[in-house]
Amino acid sequence: MKKLLIVEDDKNWADILGKFAADIGAEHRVAVSGGQAIEIIDDWQPDALILDMLLAGETAIALLNELRSYADLASLPIVVCTNIDVKMDDLRPLGVKAILNKTSMRPNEARAIFREVLNDGAE
Amino acid sequence: MAGKEWSDADFGGLPSVLVAAHELKTPLALIRQLALLLDDDLTSSADKTQIQQRIIRTSEQALQLTIDLANSANLTPSLFPLEPVNPLALCQQVAMETKFNAILYGRKVSWPKSSRNSQLILANRTLLGRILANFLNNALAYTEDGSEIKVSVKATKDAVRMSVRDFGPMMSLKEYRFLLDEMETRKTVRTRPESSGLGIYVANQFARAMNGRIGLIRHRDGLTFYVEMPISRQLSLI
């Protein structure tokens, strides 16, 4: 079973994204901070990561930079899920494969992107 | 009028309208997604019942935020008269109002026990209740599953302090000093690095309208937000 780590500090959104993961048959875990995400990545080794941009504590950008600094994690597929305006051109160099906009995304769109990045991670 | 002090500088240079828009966008985006799930083939009947509850609660919170913002811009004494308030009884009311959120977030909230000798304070019950609810919602949002949130009431010589202690991520000293400075200069605050702090801004406005004040204590393992209200002397004499 593919493994998806959801880094999201809003309980409602964590549950929604977790449901999408379950819908496509993926196992998932939730981290509420960048620090907790790093711990889970080390222990659990997910196939892809879904990242909220407005995290408490460490910022998402700091986490993206940290992940890029580790050779074994630099290619971990990452999807940013946010309700702020971010541009793919700014995030692509940080390893982000796709952006899900919370204000406009639809369930099937999210599931399709989850499938895509999980398959991407398997290659 | 208190609302006039809501200047752009209060939100780190961001226009206040932009901050309010972002704060309202958050619950609206959530309500939209939950509504889409109600219409989704992969959502079970049991999940739909829970989703309906979340839609109701989230829309109520968004509505409350707009009411708070409107009130903070019009804090006239005639609209929000001060009266003797029992802080312990108020805590019980806020406990009921925030019970669903505490369950949803999986937090254990401990409330002060009733006491016969509770000091009465001079406050507006509605505004003070909203201050505590804002502190509590902030703590719920920025702590981890299973962590404890402690609400306490403590009387000093002239005032009663109502505190909400959380066990969330440690705030850096730099961030803490920045927040204290903003609170002392009576601006608004950002409660956490990624928060606009609109709820705390509202709490600050409400406290000032009641001759009270809010404050912040940094711990190694979290934060305490508190509101201090003057003791009702007239009632103590009766």
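Residues numbered from 1 in each chain as written. Chains lettered and ligands numbered in written order. Predicted model: local features only at pLDDT ≥ 70, side-chain atom pairs only at ≥ 80, totals over all residues. Heavy atoms only, no water.

(A) Structural context of the overall build of chain B. The helix and strand tally for chain B stands at eight helices and seven strands. The proportion of buried residues among the 238 residues of chain B is 47%. Put simply, of all contacts in chain B between residues at least 6 apart along the chain, 71% involve residues at least 24 apart. As displayed, chain B has an accessible area near 11,900 Å², and 55% of this comes from carbon and sulfur atoms. (Helix = DSSP H or I, 4+ residues; strand = E, 2+ residues; numbered from the N terminus. Buried < 20%, exposed > 50% of the residue type's maximum accessible area, 1.4 Å probe, protein only. Contact = heavy atoms within 4.5 Å. Areas by Shrake-Rupley, 256 points an atom, 1.4 Å probe, with all protein chains shown as cover.)

(B) Here's a closer look at the nonpolar core. In this structure, B:L128, B:I131, B:F135, B:M162 and B:V227 are the most contacted members of the largest nonpolar core, which totals 45 residues. A per-element tally of this core places helix α5 (residues 125-141) of chain B first, with eight residues. When neighbours within four sequence positions are excluded, B:I131 is seen to be in contact with B:A203, B:F206, B:A207, B:M210, B:I214 and B:V227. In terms of nonpolar packing, the next biggest core, distinct from the first, is built from 28 residues, A:I50, A:C81, A:I113 and A:L118 among them. (Core = buried A, V, L, I, M, F, W, Y, C linked by side-chain atoms within 4.5 Å.)

(C) Region of the structure containing the packing of helix α2 (residues 45-72) of chain B against helix α7 (residues 198-209) of chain B. All names here are of chain B. Axis separation between α2 and α7 bottoms out at 10 Å; the angle between their running directions is 40°. Between α2 and α7, the interaxial angle falls into the category oblique. Read as a crossing pair, α2 and α7 show a hand that is left-handed. The residues of α7 that touch α2, namely those facing L65, D68, L69, N71 and S72, are L198, Y201, V202, Q205 and F206. Looking at the contact of α2 with α7 residue by residue, the classes come out as six nonpolar, three polar and one charged. (Axes fitted to C-alpha atoms, helices over the stretch in contact; angles between N-to-C directions. Parallel < 35°, antiparallel > 145°, perpendicular 65-115°, else oblique. Left-handed = near helix turned anticlockwise from the far one by under 90°. Nonpolar A, V, L, I, M, F, W, Y, C, P; charged D, E, K, R; others polar.)

(D) Seen up close, the interface of chain A and chain B. Across the contact, 27 residues belong to chain A and 21 residues belong to chain B. In total, chain A and chain B occlude about 2,300 Å² of area from one another, counting both sides; carbon and sulfur atoms represent 56% of this. A per-residue breakdown of the area chain A buries against chain B is headed by A:K11, A:N12 and A:K19, which together make up 24% of the total. On the surface where chain A and chain B come into contact, there are two salt bridges. Here B:D40 ties to A:R111 by a salt bridge, and the two come within 2.7 Å at their closest N and O atoms. Our count for the contact surface shared by chain A and chain B stands at ten residue pairs in polar contact (both at pLDDT 80 or more). When contributions to the side of chain A that touches chain B are tallied by element, the ones reaching two or more residues are α1 (11-23) and α5 (107-122) of chain A. Sort the elements by how many residues they give to the side of chain A that touches chain B and α1(A) lands first, with eight residues. Taken together, the residues that form the side of chain A that touches chain B break down as ten nonpolar, eight polar and nine charged. (Buried area = accessible area lost by both parts, 1.4 Å probe. Salt bridge = Lys/Arg side-chain N within 4 Å of Asp/Glu carboxyl O. Polar contact = N/O pair within 3.5 Å; in protein donor to acceptor, adjacent residues only side chain to side chain.)

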